[in-house]
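Coordinates in review
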Amino acid sequence: MQRAIEYFEERGRANTERTLELACQRAREAGIGSIVLASTRGHSAGKALEICSDLDLIAVGIERHRFPAKQAERFQRTGKLIFSEEVDYDYPPDMQRAFRRFGHGTKVAVEVVVCAVQAGLVEEGESVIGVGGSSEGADTALVVRASRGFSDVHISEIICKPA
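Calculation criteria
Residues numbered from 1 in each chain as written. Predicted model: local features only at pLDDT ≥ 70, side-chain atom pairs only at ≥ 80, totals over all residues. Heavy atoms only, no water. Phe/Tyr/Trp six-rings, centres within 6.5 Å; stacked < 30°, edge-to-face > 60°. Helix = DSSP H or I, 4+ residues; strand = E, 2+ residues; numbered from the N terminus. Buried < 20%, exposed > 50% of the residue type's maximum accessible area, 1.4 Å probe, protein only. Pairing = 2+ DSSP bridges.

Our focus in this paragraph is the packing of aromatic side chains. For any pair of aromatic rings, the description consists of the separation of the ring centres together with the inter-plane angle of the planes. A complete count under the given rule lists 3 aromatic pairs for this structure. Plain terms: the ring middles of Phe67 and Phe83 are 5.9 Å apart, the flat faces sit at 80° to each other, and that makes the pair edge-to-face. With Phe67 in the loop between β3 (56-61) and α3 (69-76) and Phe83 in strand β4 (residues 80-83), this pair connects stretches of sequence that are 16 residues apart. Between Tyr89 and Phe150 the ring centres are 6.1 Å apart and the planes differ by 45°, which places this aromatic pair in the tilted class. With Tyr89 in the loop between β4 and α4 (93-100) and Phe150 in the loop between β6 (140-145) and β7 (154-162), the pair connects residues that are 61 residues apart, well separated along the chain.

Laid out in structure tokens, this is it:
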């Protein structure tokens, strides 16, 4: 089996739209029903609504007060929204460092999937697309077998990431 990985020259927000397009395309091809994405201030969540409205969207913010209320209301009409500060999980520093070696977006994409499992929005063992970013916006998309714990996460495919 061969699949192409798209590498971005730069990190960050400029890649959000392309990352979501690639994530949605791969989800549709593979029959994956859920995309779990990081969205601190609602930008990535809003773009996901425009690009992937036919899929189950789960946005994971950091803190509720950082996510604009109007954007949260708009997203929750069709998607699910949780905040990592409200989910009881432990991301061991050694695991963070290990995933970050593949880029900050990889670390974040794994984190949001684990949060979604622990919040009961994704079934453990389910294949999902995890989307993360390096600072603002999205620049990394992975096919992940969801898990409650970081040491059991299985990344089966890298869809895109910064070079």
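A word on the pairing of β3. Regular strands place side chains that alternate from one sheet face to the opposite one. Buried residues dominate β3, accounting for 5 of its 6 residues. Examined bridge by bridge, strand β2 (residues 34-38) and β3 share 5 bridges and lie parallel to one another. Among the inter-strand pairings, Leu37 is bridged to a residue of β3, identified as Ala59. Relative to β4, β3 is paired through 4 bridges, and the arrangement is parallel.

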